[in-house]
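Chain by chain, the residues run as shown.
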Amino acid sequence: MNAQFVKYTKLLDLIDKNLLYQHAETLSQWERLTGEEEAEKAVDYIVEELHRHHIQHNRYQFDGYFSDPVHGHVSVIAPKHLDIRAKTRSFGLHLPQGIKGRVIYDCDSEKKRSVNGHADRFEKMKGKIVVSWNYYEDYVKKIDSSGAIGLIHIWPSNEVAIHEETVGTVWGTPTIENIDQLTKIPVVGINYHDGMQLIELIQEESVTVVLKTELKNGIKRVSLPVADIPGEIDEYILISGHYDSWHKGATDNATANALMLEMARIFSKKPCKRGIKFAWWPGHSNGRYAGSAWYCDHFWQEINERCVAHINIDFPGTKGNVQVVPRSTSLENAQFLKDIITSFTEKEPSRFEYLPRGADQSFWGTNIPIHIMLKYEPIEEEKIYQTPGGNWWWHTEEDLLDKVDFNLLYRDTGIHLGFVDELANLNILPINLIDFIANSRKLMYELDKSSDEAFDFTTVHQSFKDLAEVVRKLLGKEILDVYRYNKLSKNIGGTLNRLKFSYSSKYDYDNTFPFQPYPCLAKVKGKYRSHTSPDEFLFTLTFFVRQRNRIVNEIKEIIKEINGYLV
């Protein structure tokens, strides 16, 4: 047994299993929809526990814009009468009186996320209610702008339960500039069985339905508790997880809230080089990351100057989710993640993934070099439900305490203790610029190879080549001032992460659409003049040129900063 393994597993001895259980049991007794009474009770409990353990904390309060789904229903009225269970989607249109219309099945949606297709695919949707396998935000906006009057989304796996979801396109609380981007059609979800029944009917005859949605959209004042454990230096690690939930949300996300409370207790008694902050977000779903966005907006300077890592935690300790998949920006040393996970699971991760937007990633504009969020899932042969964690109860009324595996929650708490203990005490941040740049160059060549020649990547390729050369010089230089070196790494890493995972300014947010790394340039993938309308091709090319300028110039600024350090 090696010393590193012993070091990590000893952290398990610090965990109070009884407290973990108490926290999860207490928090999962309430329906924690942001801004509602029981959500505020959950905050009361979090704050009381922080106070009980003498942990410095604040309970911030702010006004945000939220969309609470109340009721959805689909009634087939022709060629026969049929009532279909449905749930309205958060941030869809509030339409309690209902809308009647003919239904069209979008067979191209079987490709799931595709928003492309034959020329008249979307033209046919005008004035129709669309039945589809796709509900992603870019798709909803596309059919909305094409004149569709509603969307019925079918869940792709065969569970009876209907999952809560959102079609909010705006990140956080809307502004006067993007309020018009909110969805303007009613959207509901139905289960697989009812969806297949509806498709069969559509394929046989012309079908008319009445689609009803009821939502409560508006401003609510909400709480955001943050614990602050100071370190020896002014840098800190941010640990976060949303406390709001659909229904009682035991695994999503009471287990994470419990894990964070226990970590806060442990680290409050364990001095570290860097400080640690714990933030429990409101508005993850019905506010589209409203809590983390508000926090970033109001503490931007502090985060930009002092935060060196953000670890987001979502549904740990979930029954059956024995596999742990690391997700990050790929800037940190992969071995760092692998060693810690293997020490607690006795199994190396089967793969590494990029972070999803759902990890409350409101911080791309601030110079945070390390971003981590673990994914927990069943073994491959037991992945039968198409939900983020592979569990049928996700985002339903059945996400109750019996879905928690406390042995796994104990393990997952240990893994996060390992991450934070290392990050809070290492002299040099575990960043691998060489691999990150090499991977980025590969991604650029793939985009270049799979797009029209009008999208000229020449200057992008040269920029990354120049960056690789100057980084090699940097890594060959002896580190004489650790603080200054880490500051440089933070600035370089934060900028590179922002370029790879967003296309907005430092002070704003992208939309919530599905994305690929380098979303600013990835939009050209598969775009060729020969099969794209002249308008769309021109618009894409214009966007590409502006974003290319952004990347080339920002990399030039990074090179200038590194050269200044090398002098």
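Residues numbered from 1 in each chain as written. Predicted model: local features only at pLDDT ≥ 70, side-chain atom pairs only at ≥ 80, totals over all residues. Heavy atoms only, no water.

**Q** Can you help me understand the overall build of the protein in this one?
**A** Within the protein one finds 15 helices and 13 strands. Rg of the C-alpha trace for the protein: 24 Å, near the compact-globule value of 24 Å for 567 residues, within the 12% margin. Each principal axis of the C-alpha distribution contributes one length, and for the protein these read about 75 × 60 × 45 Å. When each of the 567 residues of the protein is scored for burial, the buried share is 59%. Relative to all contacts within the protein whose residues are 6 or more apart in sequence, the contacts with residues 24 or more apart total 81%. (Helix = DSSP H or I, 4+ residues; strand = E, 2+ residues; numbered from the N terminus. Rg over C-alpha atoms; globule rule 2.2 N^0.38 Å. Buried < 20%, exposed > 50% of the residue type's maximum accessible area, 1.4 Å probe, protein only. Contact = heavy atoms within 4.5 Å.)

**Q** Can you help me understand the side chain of Thr532 in this one?
**A** Along the chain, Thr532 turns up in the loop between helix H14 (519-522) and helix H15 (534-566). Of the polar contacts made by the side chain of Thr532, one reaches the backbone oxygen of Tyr528; its length is 2.8 Å. Ignoring sequence-local partners within four residues, the contact set of Thr532 consists of Lys527 and Phe537. (Polar contact = N/O pair within 3.5 Å; in protein donor to acceptor, adjacent residues only side chain to side chain.)

**Q** Which parts of the structure should I look at to understand the packing of aromatic side chains?
**A** Each aromatic ring pair is specified by the distance between its two centres and by the angle formed by the two planes. Within the structure shown, the criterion is met by 28 aromatic pairs. Considering the side-chain rings of Trp294 and Phe299, the 6.3 Å spacing of their centres and the 70 degrees angle between planes classify their relative orientation as edge-to-face. Across the pair, exposure class does not vary: Trp294 and Phe299 are buried alike. Here Phe457 and Phe544 contribute two aromatic rings whose centre-to-centre distance is 5.1 Å and whose plane-to-plane angle is 55 degrees, an arrangement assigned as tilted. With Phe457 in the loop between helix H11 (433-449) and helix H12 (458-475) and Phe544 in helix H15, this residue pair connects regions lying 87 residues apart in the sequence. By way of ring pairs, the aromatic residues Tyr60, Phe62, Trp281, Trp294, Tyr295, Phe299 and Phe363 are connected into one cluster. (Phe/Tyr/Trp six-rings, centres within 6.5 Å; stacked < 30°, edge-to-face > 60°.)

**Q** Looking at this structure, I do not really get the environment of Ser504. What am I missing?
**A** Its place among the elements puts Ser504 in the loop between helix H13 (482-501) and H14. Spatially, the C-alpha atoms of Ser504 and Gln547 are 9.6 Å apart, while their sequence positions differ by 43 residues. If near-sequence neighbours (up to four positions away) are discounted, Ser504 is found in contact with Tyr509, Asp510 and Arg550. A polar contact is formed between the side chain of Ser504 and the backbone oxygen of Tyr509, at a distance of 3.3 Å. There is a polar contact of 2.4 Å between the side chain of Ser504 and the side chain of Asp510.

**Q** For this particular structure, what's the right way to read the nonpolar core?
**A** A general trend in soluble globular proteins is that nonpolar side chains are found buried together. Of all hydrophobic cores here, the largest spans 95 residues; its most connected members are Phe278, Phe419 and Leu467. Setting aside chain neighbours within four positions, we find Phe278 in contact with Pro225, Val226, Ala227, Ile229, Ile239, Met260, Met263 and Ala264. If you look at the next biggest cluster of nonpolar residues, it comprises 23 residues, including Ala279, Tyr289, Ala293 and Tyr509. (Core = buried A, V, L, I, M, F, W, Y, C linked by side-chain atoms within 4.5 Å.)

**Q** Looking at this structure, how should I read the side chain of Asp106?
**A** Within the secondary structure layout, Asp106 lies in the loop between strand S3 (95-105) and strand S4 (129-132). Ignoring any residue separated from it by four or fewer positions in sequence, one finds Asp106 in contact with Arg121, Met125, Val130, Val131, Ser132 and Tyr139.

**Q** Honestly, a nonpolar patch on the surface in this entry has me stumped. Any pointers?
**A** A cluster of nonpolar side chains, namely Ile428, Ile479 and Val482, defines an oily patch on the protein surface of about 180 Å² accessible area. Residue position: Val482 is located in helix H13. Accessibility expressed as a relative area gives 32% for Val482, which makes it partly exposed. (Patch = residues over 30% accessible without salt bridge, like charges linked within 9 Å, V, L, I, M, F, W, Y side chains within 5 Å. Areas by Shrake-Rupley, 256 points an atom, 1.4 Å probe, with all protein chains shown as cover. Salt bridge = Lys/Arg side-chain N within 4 Å of Asp/Glu carboxyl O.)

**Q** Looking at this structure, how should I read the pattern of salt bridges?
**A** Under the criterion given, the structure shown has 29 salt bridges. With a shortest N-O distance of 2.6 Å, Asp44 and Arg59 are connected by a salt bridge. In this pair, Asp44 sits in helix H3 (residues 37-52) while Arg59 sits in strand S1 (residues 57-78), placing the two residues 15 residues apart along the sequence.

**Q** Whenever I open this one, the packing of H11 against H13 confuses me. Can you help?
**A** For any two helices packed against each other, the geometry comes down to the angle between their axes and how far apart the axes lie. Two elements in contact, H11 and H13, have axes whose closest approach is 12 Å; the angle formed by their N-to-C orientations is 20 degrees. With respect to H13, the axis of H11 lies roughly parallel. By crossing handedness, the relation of H11 to H13 is classed as left-handed. Two secondary-structure elements touch here, H11 through Leu433, Phe436, Asn439, Ser440 and Leu443 and H13 through Ile492, Leu496, Asn497 and Lys500. (Axes fitted to C-alpha atoms, helices over the stretch in contact; angles between N-to-C directions. Parallel < 35°, antiparallel > 145°, perpendicular 65-115°, else oblique. Left-handed = near helix turned anticlockwise from the far one by under 90°.)

**Q** I keep staring at helix H2 (residues 17-27) and nothing clicks. Help me out?
**A** Side chains three or four residues apart in an α-helix point the same way, a direct result of the helix having 3.6 residues per turn. Along H2, the residues classified as buried are Leu19, Leu20, His23, Ala24, Thr26 and Leu27. Buried residues along H2 cover an arc of 170 degrees about the axis, so they all sit on one side. In the core, the buried residues of H2 are packed alongside H3, helix H6 (250-268) and helix H10 (406-425). The backbone nitrogen of Asn18 lies 3.0 Å from a side-chain oxygen of the residue at the head of H2, namely Asp16. (Arc of directions from axis to C-beta.)

**Q** How should I be thinking about the pairing of S3 in this particular structure?
**A** Looking down a regular strand, the side chains alternate between one sheet face and the other. One ladder, built from 5 bridges, connects S3 with strand S7 (residues 208-229); its direction is antiparallel. For Ile99, the partnering residue across the bridge sits in S7 and is Leu211. In terms of strand pairing, S3 meets S4 through 3 bridges, oriented parallel. From the neighbouring strand, Val103 faces S4, where its bridge partner is Ile129. (Pairing = 2+ DSSP bridges.)

**Q** What is the right way to read the state of the cysteines from this model?
**A** Here a disulfide denotes a covalent bond joining the sulfur atom of one cysteine to the sulfur atom of another. In this structure the tally under the stated criterion is 0 disulfides. Here Cys307 stays free of any disulfide, with the sulfur of Cys296 as its closest cysteine sulfur at 9.7 Å. For Cys307, a relative accessible area of 0% corresponds to the buried category. Cys520 forms no disulfide, and the closest cysteine sulfur to it belongs to Cys296, at a distance of 19 Å. (Disulfide = S-S within 2.5 Å.)

**Q** Mind showing me how you'd approach the environment of Lys100 here?
**A** Mapped onto the elements, Lys100 comes out in strand S3. Considering only alpha carbons, one finds Lys100 and Val43, 57 residues apart in sequence, at a separation of 42 Å. In contact with Lys100, other than residues within four places in its own chain, are Ile77, Ile149, Thr208, Val209 and Val210.

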